[in-house]
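So you can see what is in the structure, the chains are spelled out below.
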Amino acid sequence: MALFNHVSREANAKIVYFGPGNGGKESSVTHVYRKLSPDSRSPFKAMSLQGDRMLCFDFRPAEKGIDGYNVRFHLYTVVDEVQKLNSWKMALKGADGVLFVADSHPARQKENLDRLNELQELLAAEGSGIDQIPLVIQYNRRDIPDAVPLDEMQRRLNRFNVPGFPSVATSGDGVLPPLSCLIKMVLGRIRETLAAKAKVEAEVEAEVEAEVEVEVEAKAEAEAEVEVEVETGAMPEAAQETVTGGAEASAVIPEVDAAPSCEEPAEPLPGEEAVSAEEAATAEEAAPEEEEFRLEITGGGFLADGRLTVPVMVTAGGGCREFNLVITLAGVEPRQG
Ligand SMILES: Nc1nc2c(ncn2[C@@H]2O[C@H](COP(=O)(O)OP(=O)(O)OP(=O)(O)O)[C@@H](O)[C@H]2O)c(=O)[nH]1
Ligand SMILES: [Mg+2]
């Protein structure tokens, strides 16, 4: 599968020229390289791979990117007479498309077929069936006098019914169309991959949004419940009965703190008059705060004329004052000793 760099919005796809020896792979790849504008391609590289020669370069086709992604194609092939299976295995690793270059010479038909079967096995080992990867056949050497008829080659080779093109790699005739076709097929796969990615992302986004909505709704519901509780607490039946009595009064919703205690009787007690909420509030405002009142005996008292006088200090409202507390002992017999 193509490699994506989602940060730089670039996709990298690998195309492998595969086929029998002497079929025209090197001639084809070289022609493609020459045809590309120098600023769209990398240097042409040839490297030794277990005694085989691997050729590669990469380029960016003139086509516009897909969904904002620029696609870079990396072309690989293995050439020269000796080509080990392992070299092809490495070349095919992660391939996004294969261009099979078949030889039109009558003596090379079995070789074509053997190589195609080999390709099928190598791709299967890679985990992808030959029918699952974009594949195009280039029937090369169409210029030789005894070239096998194209329809016969198609019949023998093209059991997968993939696109096929005749070519003469030495002159470059017909070399670009099969590559162009393969590139379109690979781009189609990349588009599918990106669409699948976008779909998954949209689904995840929708799921996250739904979860957030549920949370927000749950929070709003919880808040609404709290509000109802607060309102219920602020307007108990008793308070409503006290407050109601006029259209204006019913619009007054007391604050939570000012709400009458639940212990208050719902009905005014016999002899009591119902007070308006306003009156109640005013009364409450006017009511002095409960203070602590302390009385302290500060010295010894004395008894005279049936009255006991005791010096005391009274502390209240943040201040203190001394008094003489006089207690009249009416009917109390003073105790001796
Ligand atoms: N007449 C003719 N000769 C070709 C054509 N394509 C390639 N050749 C010649 O065939 C020989 C092999 O071509 P290459 O391009 O090296 O083929 P290859 O698939 O790389 O082969 P290996 O190097 O053996 O892997 C060379 O001498 C080419 O000049 C073609 O379309 N027509
Ligand atoms: Mg060669």
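Conventions and cut-offs
- Residues numbered from 1 in each chain as written.
- Chains lettered and ligands numbered in written order.
- Predicted model: local features only at pLDDT ≥ 70, side-chain atom pairs only at ≥ 80, totals over all residues.
- Helix = DSSP H or I, 4+ residues; strand = E, 2+ residues; numbered from the N terminus.
- Buried ≥ 20, exposed ≤ 12 C-beta atoms within 10 Å, placed from the backbone.
- Contact = placed C-beta atoms within 7 Å.
- Near = placed C-beta within 6 Å.
- Nonpolar A, V, L, I, M, F, W, Y, C, P; charged D, E, K, R; others polar.
- Pairing = 2+ DSSP bridges.
- Right-handed = clockwise from strand over helix to strand, strands pointing away.
- pLDDT = per-residue confidence, 0-100.
- Axes fitted to C-alpha atoms, helices over the stretch in contact; angles between N-to-C directions.
- Parallel < 35°, antiparallel > 145°, perpendicular 65-115°, else oblique.
- Left-handed = near helix turned anticlockwise from the far one by under 90°.
- Expected span 1.5 Å × (residues − 1).
- Arc of directions from axis to C-beta.

A. Quick peek at the overall build of the chain. What the chain contains, in helices and strands, is eight helices and 12 strands. Evaluated residue by residue, the chain yields a buried proportion of 23% over its 337 residues.

B. Up close: the environment of proline 163. Position of proline 163 among the secondary structure elements: in the loop between helix H4 (150-157) and strand S8 (164-166). Taking the C-alpha atoms as reference points, proline 163 and proline 134, 29 residues apart in sequence, are found 9.7 Å from one another. Leaving out residues up to four positions away in the same chain, proline 163 has contacts with Val136 and Cys181.

C. Examining unusual backbone geometry more closely. In this structure, glutamine 50 is a non-glycine residue whose phi angle is positive, near 50°. Mapped onto the elements, glutamine 50 comes out in the loop between strand S3 (45-49) and strand S4 (52-59). A count of 12 C-beta atoms within 10 Å places glutamine 50 in the exposed class. Unusually for a residue other than glycine, arginine 141 sits at a positive phi of about 60°. Tracing the sequence through the fold places arginine 141 in the loop between strand S7 (135-140) and H4. A residue is classified by how many C-beta atoms lie within 10 Å of it, and arginine 141, with 22 of them, is buried.

D. Region of the structure containing the site of ligand 1. Taken together, 18 residues lie around ligand 1, and Gly21, Gly24, Lys25, Glu26 and Ser27 are the ones closest in. For the shell around ligand 1, the element with the most residues is helix H1 (residues 25-35), which contributes three residues. Counted by class, the shell around ligand 1 contains four nonpolar, eight polar and six charged residues.

E. Examining the environment of glycine 65 more closely. If you trace the backbone, glycine 65 turns up in the loop between S4 and strand S5 (70-79). Assessed through the 15 C-beta atoms surrounding it within 10 Å, glycine 65 is described here as partly exposed. In this structure the C-alpha to C-alpha distance between glycine 65 and arginine 9, which are 56 residues apart in sequence, comes to 9.4 Å. With residues up to four places along the chain from it excluded, the contact list for glycine 65 reads Asn70 and Val71.

F. Inspection of the pairing of strand S6 (residues 97-103) at higher detail. The element S6 is largely enclosed, with a buried count of seven among its seven residues. Across the two faces of S6 the burial is the same, with Gly97, Leu99, Val101 and Asp103 and Val98, Phe100 and Ala102 all buried. Pairing between strand S2 (residues 10-18) and S6: four bridges, direction parallel. Looking at the pairing, isoleucine 15 lines up with glycine 97 of S6. Taking the sense of rotation as the criterion, the β-α-β connection linking S6, helix H3 (residues 109-126) and S7 turns out right-handed.

G. The arrangement of the confidence of the model for the chain in detail. Here the chain averages 80 in pLDDT, while 77% of its residues score no lower than 70. In the predicted structure, residues 234-275 sits below a pLDDT of 50 and forms 39 contacts with residues beyond four places in sequence or in another chain.

H. Representation of the packing of helix H2 (residues 85-92) against H3 within the structure. Between H2 and H3, whose axes approach to 10 Å, the crossing angle comes to 55°. On the basis of their axis angle, the class for H2 and H3 is oblique. Regarding H2 and H3, the two cross each other, and that crossing is right-handed. Contacts between H2 and H3 involve Trp88, Lys89 and Leu92 from the first element and Leu122, Leu123 and Glu126 from the second. Of the residues belonging to the contact of H2 with H3, the class tally is four nonpolar, no polar and two charged.

I. Representation of the environment of valine 78 in the model. Along the polypeptide, valine 78 turns up in strand S5. Sequence separation of valine 78 and methionine 47 is 31 residues, and the distance between their C-alpha atoms is 9.5 Å. When residues no more than four places from it in sequence are discounted, the contact partners of valine 78 are Leu49, Asp52, Arg53, Met54, Gln83, Ser87, Trp88 and Ala91.

J. Summary view of H3. Between its first and last C-alpha, H3 extends 26 Å over 18 residues, near the 26 Å set by a 1.5 Å rise per residue. When H3 is considered as a whole, its buried residues turn out to be Asn112, Arg115, Leu116, Leu119, Leu122 and Leu123. Looking straight down H3, one finds its buried side chains confined to an arc of 125°; they lie on one side. Away from its buried face, by an angle of more than 90 degrees, H3 presents the exposed residues Lys110, Asp114, Asn117, Glu121, Ala124 and Ala125. Residues of H3 that are buried make contact with S2, H2, S6 and H4.

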